[in-house]
Amino acid sequence: MVHQAAPRTRGRQAVRIPAPPPQRTRHVRADQVEAWLYDTDEFADLRDRLRYVNTTSRRADAMADLAHWRSFLGLQEDDPSPVLAVVADEEFYKYGPEVTEEQEDGFRNGTLEVYGVGVLRAYAPPHRRRGQFFAADETFTWGLIAPAGLEGIYTRQVPEPLAAHAPRL
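Residues numbered from 1 in each chain as written. Predicted model: local features only at pLDDT ≥ 70, side-chain atom pairs only at ≥ 80, totals over all residues. Heavy atoms only, no water.

Within the protein chain one finds two helices and eight strands. For the protein chain, the sequential pattern of α-helices and β-strands runs β-β-β-β-α-β-α-β-β-β. Relative to its 169 residues, the protein chain shows a buried fraction of 28%. When contacts within the protein chain are restricted to residue pairs at least 6 apart in sequence, those whose partners lie at least 24 apart make up 56%. Entry remark: accessible area of the protein chain is about 12,300 Å², with carbon and sulfur atoms responsible for 50%. (Helix = DSSP H or I, 4+ residues; strand = E, 2+ residues; numbered from the N terminus. Buried < 20%, exposed > 50% of the residue type's maximum accessible area, 1.4 Å probe, protein only. Contact = heavy atoms within 4.5 Å. Areas by Shrake-Rupley, 256 points an atom, 1.4 Å probe, with all protein chains shown as cover.)

If you want it as structure tokens, here you go:
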């Protein structure tokens, strides 16, 4: 169905100007994660140095998209070497019976977080997505409680509280 406004005349000719289509709202599911990359360019742009990368359904996939951008636009361009990822574990029930009171207090005041540690790998060259990273699910260890603020991509080793659970590259 096309919405049209009343005809307008231009000179001697009647012209129909279509009305704008009805606004469609973009619905994003509550369980989707947006990947934003902090841009450290020399010249700041109008977006407060933030670049939208992608929206995914899992934090590990969002981290893989960020690893791809790091490889694609980083200091070492086209670096397909695997990296370690520390991802917040959203499926862990922080207030369950297996959590101690001290840990529960740490979750409430923001000093503790639950993580998963694993490897992000790049697709090999015959693959149509070669160079893009993916989360190797078989390498992830979930449910690790550690201090808050450790989520990120690491090229050599993960922070000390999670190092014992990190896979080898």
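Time to look at the confidence of the model for the protein chain. With 67% of its residues at a pLDDT of 70 or more, the protein chain has an overall mean of 76. A low-confidence stretch, residues 1–17 stays under pLDDT 50, and its non-local contacts, those more than four residues away or across chains, total 18 contacts. (pLDDT = per-residue confidence, 0-100.)

This part covers the sheet that holds strand S6 (residues 112–122). Spatially, the four strands line up as an open sheet ordered S7-S6-S5-S8, and their pairing is antiparallel. For this open sheet the edge positions go to strand S7 (133–147) and strand S8 (152–154), each flanked by a neighbour on one side alone. With direction set aside, neighbouring strand axes in the sheet form an average angle of 25°. Relative to S8, strand S5 (residues 83–88) runs antiparallel, the two being bridged by three bridges. Note on S8: the bridge partner recorded for Leu-84 is Tyr-154. Helix-sheet contacts for helix H2 (residues 101–109) involve S6 and S7, and the interaxial angle to S6 is about 75°. (Pairing = 2+ DSSP bridges. Axes fitted to C-alpha atoms, helices over the stretch in contact; angles between N-to-C directions.)

Moving on, we get to the environment of Leu-144. If you trace the backbone, Leu-144 turns up in strand S7. As a C-alpha pair, Leu-144 and Gly-116 span 28 residues in sequence and 6.2 Å in three-dimensional space. Beyond its immediate chain neighbours, meaning those up to four positions away, Leu-144 contacts Glu-113, Val-114, Tyr-115, Val-117, Leu-162 and His-165.

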